[in-house]
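Listed below, chain by chain, are the residues.
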Amino acid sequence: MLANEIAALLPRMRRFARSLTYHREDADDLVQIAMERALGRSEQWEAGTRLDSWIFRIIKNAWIDEVRSRARRDELFAPEEEGEHVGDDHAGAHQQRLAVQKAISLLSEEHKLVVGLVLVDGLPYKEAAEVLEIPVGTLTSRLARAREALQQLLADQPARR
C-alpha cells in the first residue's frame, strides 16, 4: 500500500525538510504538506519509479511555494534553537552545529537544495538530479559551489573559545 511506503519514508522526509527550513516546526509543516499532496495525488506516482525521489520533489516544490509566500508577506522567523542549550556541557558542539546551520541558511535556495539532498540525506547524485529536475552535471557544479561557499562562510566566522 502506497500510504505505508510513504510512512516508511517519514524520517528521511523530516531530515530533508529540516535541511531546508532549519526549524523543527516549519519542517514538520512541510512534511505534513508533502504527505497531504502525495496521498491526495497518489495517482500521479508511477509504479516502478523511485517513491523517495517523487516525495522529495513534492517537498522541494512545497518549500519553494512557502519561500515565495513568505517573501510576499515579508515575514522573518527567528530561530528558537539558538537559546535551547544554554549552559549545556555540549555547548561547544552545539555552537559549531549552529554555525554550520547558519552558514547553510545563508546559501542560495539552489545550493540549500543540493546540500540537503546529497550531503544531509545522502541521495546519490543521479537521484538528487532527478528530484531537482536538473542534469547531473548541473547538480555537481552546484554542489561544488555550495561547498566552497560553506567553507568561506565558516572561515569568515570569528573563532570561538
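Read on for a plain summary of the structure. (Residues numbered from 1 in each chain as written. Predicted model: local features only at pLDDT ≥ 70, side-chain atom pairs only at ≥ 80, totals over all residues. Heavy atoms only, no water.)

### Focus: the overall build of the chain
Note the cut-off: Only DSSP runs of H or I covering at least 4 residues are called helices, and only runs of E covering at least 2 are called strands; the numbering of each starts at the N terminus. Burial status follows relative accessibility: with a 1.4 Å probe on protein chains alone, a residue under 20% of its type maximum counts as buried, one over 50% as exposed, and anything between as partly exposed. The contact rule is simple, with two residues in contact once any of their heavy atoms fall within 4.5 Å. Per-residue and other accessible areas were derived by the Shrake-Rupley procedure at a 1.4 Å probe size, with only the shown protein chains allowed to occlude residues.
The secondary structure content of the chain amounts to eight helices and zero strands. Mapped from its N terminus to its C terminus, the chain presents α and β elements in the order α-α-α-α-α-α-α-α. The buried share of the chain, reckoned over its 161 residues, is 38%. Across the chain, every contact between residues at least 6 apart in sequence was considered, and the portion connecting residues at least 24 apart equals 64%. Carbon and sulfur atoms provide 51% of the accessible area of the chain, an area that totals close to 9700 Å².

### Let's talk about the layout of surface pockets
Threshold: In this analysis the probe radius is 1.4 Å and the grid spacing 1 Å, with only protein atoms considered; a cavity is a set of points the probe fits into but cannot get out of, a pocket is an open set with protein on both sides within 12 Å along at least five of seven lines, and lining residues have an atom within 4 Å of a point. Grid points are joined across faces, edges and corners, and a volume is the space filled by probe spheres set on the points. Under the grouping applied here, Gly and all other residues not named as nonpolar or charged are polar, the nonpolar ones being Ala, Val, Leu, Ile, Met, Phe, Trp, Tyr, Cys and Pro and the charged ones Asp, Glu, Lys and Arg.
If you add up the space inside the second largest pocket, you get close to 150 Å³. Along the walls of the second largest pocket sit R37, R41, Q44, W54, R57, I58, N61 and D65, which together make up its complete lining. Top contributing element to the lining of the second largest pocket by residue count: helix α4 (residues 51-73), with five residues. When the residues that make up the lining of the second largest pocket are grouped by side-chain class, the tally is two nonpolar, two polar and four charged.

### Brief notes about the packing of helix α2 (residues 10-21) against helix α3 (residues 24-40)
Put simply, the rule reads: Lines are fitted to the C-alpha atoms to define the axes, a helix being fitted only along its stretch in contact, and any angle between axes, read from their N-to-C directions, falls within 0 to 180 degrees. Should an angle fall under 35 degrees it is called roughly parallel, over 145 degrees roughly antiparallel, and 65 to 115 degrees roughly perpendicular, with every other angle called oblique. For any helix crossing, the convention is left-handed if the near helix is rotated counterclockwise from the far helix by under a right angle, and right-handed if that rotation is clockwise.
Their axes nearest at 8 Å, the elements α2 and α3 cross at an angle of 130 degrees. Put simply, α2 runs oblique to α3. The chirality of how α2 crosses α3 is right-handed. Contacts from L10, M13, R14, A17, R18, L20 and T21 in α2 reach R24, D26, A27, D28, L30, V31, A34 and M35 in α3. Taken together, the residues of the contact of α2 with α3 sort by class into nine nonpolar, one polar and five charged.

Shape is all these values report; function is a separate question.
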